[in-house]
Amino acid sequence: MTFTPHGKHLIAGDWVAGTNTFSSEPAHGPAHDFGVGSPEMVDAACRAAEEAFWSYGYSTRAQRAAFLNAIADEIEARAEAITEIGTQETGLPEARLQGERGRTTGQLRLFANHIEQGDYLDVRHDPALPDRAPLPRPDLKMVQRPIGPVAVFGASNFPLAFSTAGGDTAAALAAGCPVVVKGHSAHPGTGEIVAEAIHAAIATCGVHPGVFSLIQGGRRDVGTALVTHPLIRAVGFTGSLGGGRALFDLCAQRPEPIPFFGELGSVNPMFVLPAAVAARGADIGTGWAGSLTMGAGQFCTNPGIAVVESGAAGDAFVAAAREALAATGAQVMLTDGIAQAYRDGQARFEGRNAVQPLLSTDSTGREANPNLYETDAAAYLQDHALGEEVFGPLGLVVRVSGPEDMLELARGFEGQLTTTLHMEDADTDLARQLLPILERKAGRVLANGFPTGVEVADSMVHGGPYPASTNFGATSVGTLSIRRFLRPVCYQNMPDAILPGDLAGAD
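What this report covers is the structure whose coordinates are included nearby. (Residues numbered from 1 in each chain as written. Predicted model: local features only at pLDDT ≥ 70, side-chain atom pairs only at ≥ 80, totals over all residues. Heavy atoms only, no water.)

### What to know about the overall build of the protein
Piece 1. Summing up its helical and strand segments, the protein has 14 helices and 21 strands in all.
Piece 2. Against the 2.2 N^0.38 benchmark of 23 Å for 507 residues, the protein shows a C-alpha radius of gyration of 24 Å, consistent with a compact globule.
Piece 3. By its C-alpha atoms, the protein is 75 × 70 × 40 Å across when sized along the principal axes.
Piece 4. Here the protein holds 507 residues, and the buried ones make up 57% of them.
Piece 5. Of all intrachain contacts in the protein linking residues separated by at least 6 positions in sequence, the fraction that spans at least 24 positions is 77%.
Piece 6. When the accessible area of the protein is evaluated, it comes to approximately 19,900 Å², of which 51% is carbon and sulfur surface.
Piece 7. Each charge class in the protein was averaged separately, 35 positive and 56 negative side chains, and the resulting centres sit 5 Å apart. (Helix = DSSP H or I, 4+ residues; strand = E, 2+ residues; numbered from the N terminus. Rg over C-alpha atoms; globule rule 2.2 N^0.38 Å. Buried < 20%, exposed > 50% of the residue type's maximum accessible area, 1.4 Å probe, protein only. Contact = heavy atoms within 4.5 Å. Areas by Shrake-Rupley, 256 points an atom, 1.4 Å probe, with all protein chains shown as cover. Lys, Arg positive; Asp, Glu negative; His and termini not counted. Charge placed at Lys NZ, Arg CZ, Asp CG, Glu CD.)

### Digging into the sheet that holds strand β15 (residues 356–359)
Piece 1. With mixed pairing, seven strands are arranged side by side in an open sheet as β15-β17-β18-β13-β12-β19-β20. Only two strands of the sheet have a single partner each, and these edge strands are β15 and β20 (442–447). Strand after strand, the sheet turns through a mean of 20° between neighbouring axes, direction not considered. (Pairing = 2+ DSSP bridges. Axes fitted to C-alpha atoms, helices over the stretch in contact; angles between N-to-C directions.)

### Here we look at unusual backbone geometry
Piece 1. Between Ala133 and Pro134 the backbone carries a cis peptide bond, its omega angle lying at 5°.
Piece 2. Note on placement: Pro134 falls in the loop between β5 (124–126) and β6 (140–146).
Piece 3. Here Tyr466 and Pro467 are connected by a cis peptide whose omega angle stands at 10°.
Piece 4. As for its placement among the helices and strands, Pro467 is situated in the loop between β20 and β21 (486–492).
Piece 5. Of note, Ala12 is a non-glycine position whose phi angle comes to about 55°, a positive value.
Piece 6. Secondary-structure assignment places Ala12 in the loop between β1 (9–11) and β2 (14–16).

Honestly, that's just the spatial picture; any functional story needs more than this.
Take a look at the structure:
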């Protein structure tokens, strides 16, 4: 099944052409023209989303679950076409796109099941105590309610799972919030076909068409108009620190500030403890190289830093990592801009006296070759640039002289999405000292694994202290992410006849 994009925006059920166009830049295959979004389109989509909220925000959980399942069905009905254009636009292999499509439909169905169970509502009831002295207590009922229209920004590195119908969209729709998506210009055709799937599900389920709109990428004024629109109640974003921080500041500067849930990336440090590196350092090094190069290193959980003690065991770890990286060929990156940013990131490490190149390669065009560097803890703590994310297959080894050096380094890290402990039983005492530090630095702490690959599950946390994300109390993956788009409302002495359906008859 071949899909040829029509290049239009989907605004409240209508496919709308743009006055101006831009051309996609596929890794292979034909380029296509797409309409450039405008603030006027943003306004129309937001107004339609607000209108849709008066019905969708008060729909039953069963109705919303049916809608989410219908979206998943429509995505699967377009499976081959999605894979074809997705691989063309991103350069990702077919197997990766197929797996990501399964994750996308899986999280839609997960949220459908989650809201039908109803635990997320956190229903609470304090019955009236009319005879309490000195004052009676009124009847109090509390439930989580949807906040209203939500803006979602598609991610460059996940054309399906973090984009048009990705986790932010699924969580918001599950909560009862209409969504306006700003598509990412790295994969506009993929965004369009997924929007067609949502459009079909809207028709099948009889949902108000304003519940979803897609405005394709364009100038910065589109993003600015979206996050500053007075009808938008929250923003979900996955992208760069610079872009995310700019949008976060706009949200905070609004006359009525709104939450900005930005996932901004991380270097995800791994701590290879002494007994572990002595017992299996080479195996850990080889595994680290595989994690670093997975998907050309274009994962926000890419473990870019490995902390290991100096000495022969640490040398074996480094040698194995270098050998495995050297055997990895060039990989196609998602966009020309990301490839250039990778080369710029590598340039930060070249020429620094305190940084030793262990594997230094040249990358050209849209391809990236792996690189590996080494420094020590003192140099790292003195040079903030060494801790900035390089989006691609680049690793930095930070050597420490002993446990105290490792603890000091851990305290010096900024907020992270993940941190990892590679340990043996003999490392337990040091791990106990590190864990309180690391759990304050990251949303997910691993033992004896690699953080690439984020499980979509009830217990998952994909977020962390700034700059990993802009809200340390939130996650963008897993069912807990629905809470970003809800707020608690208390109803006092309210007759059951007019309470929200989820509260009527609450005990």
